[in-house]
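Architecture at a glance
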Amino acid sequence: MKDKGPKIIITVFSLILGIFIAMQIKLNLETYSPVTISSLQLAKGQIENTKKEIIELEKIEKTKEEELKVLENISEGDDNIIDILSLDLEKNKIYSGFSKLEGPGVEITMYDNQEKRDWWFDINDDVIHDVDILNILNDLKIAGAEAISLNGERVMSTSEIKCGGPTIRINDRSSATPFVIKAIGDVKLLKAAVSASGTNGDILKNVYQKGFEVVAKDKIIISAYEGEIDFKYARPLEEGD
């Protein structure tokens, strides 16, 4: 019987060599991930986020360019510094409510129902409440009112509107009926916002029979805010935070 040892060794060696070559070929093959709907949506989301980042960067670039122009103008002389700072101060006073303003708008007069009622009738249904005024103020703001006052008091984001017996308190001051609201803006939009069918003003007047009169005017004068704004909790967000 012939010795089979060498044949077995050659066979085992060939198997090992084949396995090794197969592993090398597998390692060198590029891996491909299948394209799925989820992967496409993920890629689309990443593209949209990149576009938004580009838009924000363009806004920042524009702001920095404007700041650079201001600095360049300041460098030209002291007179330019004063003019630029004065214009900037006036703009900030207008936006913050510390400037007296005029323009077209509406004047709204609100007052309690003056009709005599039966003894069982709830008198609160005839009285103008803080929520009635707040609803009208919100409607004016939604309609694009640029400035609003209540009985001569400028309505600010920090102004409180709350009942105090027969009076309404705003900017730490009490006001009695009639309550006069003035608003500057697009006259048609403002008037429609408080007097069109189904609005809060229409319900006050025609459902609850409370006094509610709206007059459109070519010139409305709204006084400036005379108080002080003290931020106890809010602070400016520093660049880079």
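The notes below deal with the structure included here. (Residues numbered from 1 in each chain as written. Predicted model: local features only at pLDDT ≥ 70, side-chain atom pairs only at ≥ 80, totals over all residues. Heavy atoms only, no water.)

Burial in helix α5 (residues 187–195) covers these residues: L190, A193 and V194. Along the axis of α5, the buried positions cluster into a sector of 80 degrees, meaning they face one direction only. Tucked into the core, α5 has its buried residues touching β1 (101–111), α4 (130–142), β7 (179–184), α6 (200–206) and β8 (211–222). Capping the start of α5 is the job of one residue whose side-chain oxygen sits 3.1 Å from the backbone nitrogen of K188: D186. (Buried < 20%, exposed > 50% of the residue type's maximum accessible area, 1.4 Å probe, protein only. Helix = DSSP H or I, 4+ residues; strand = E, 2+ residues; numbered from the N terminus. Arc of directions from axis to C-beta. Contact = heavy atoms within 4.5 Å. Polar contact = N/O pair within 3.5 Å; in protein donor to acceptor, adjacent residues only side chain to side chain.)

Right, let's talk about a negative patch on the surface for a bit. Together, E58, E61, E65 and E66 make up a negatively charged patch on the protein surface. Within the fold, E65 resides in helix α2 (residues 37–74). Residue classification places E65 among the partly exposed residues on the basis of a relative accessible area of 41%. (Patch = residues over 30% accessible without salt bridge, like charges linked within 9 Å, V, L, I, M, F, W, Y side chains within 5 Å. Areas by Shrake-Rupley, 256 points an atom, 1.4 Å probe, with all protein chains shown as cover. Salt bridge = Lys/Arg side-chain N within 4 Å of Asp/Glu carboxyl O. Lys, Arg positive; Asp, Glu negative; His and termini not counted. Charge placed at Lys NZ, Arg CZ, Asp CG, Glu CD.)

Once that is clear, we can look at the sheet that holds β8. One open sheet holds the 5 strands; their spatial order is β3-β2-β7-β1-β8, and the pairing between them is antiparallel. If you trace the sheet from one side to the other, it starts and ends with β3 (153–154) and β8, each paired once. In this structure, strand β2 (residues 147–150) lies alongside β7, joined through 4 bridges in antiparallel fashion. Directly across from S149, in β7, lies its bridge partner K182. (Pairing = 2+ DSSP bridges.)

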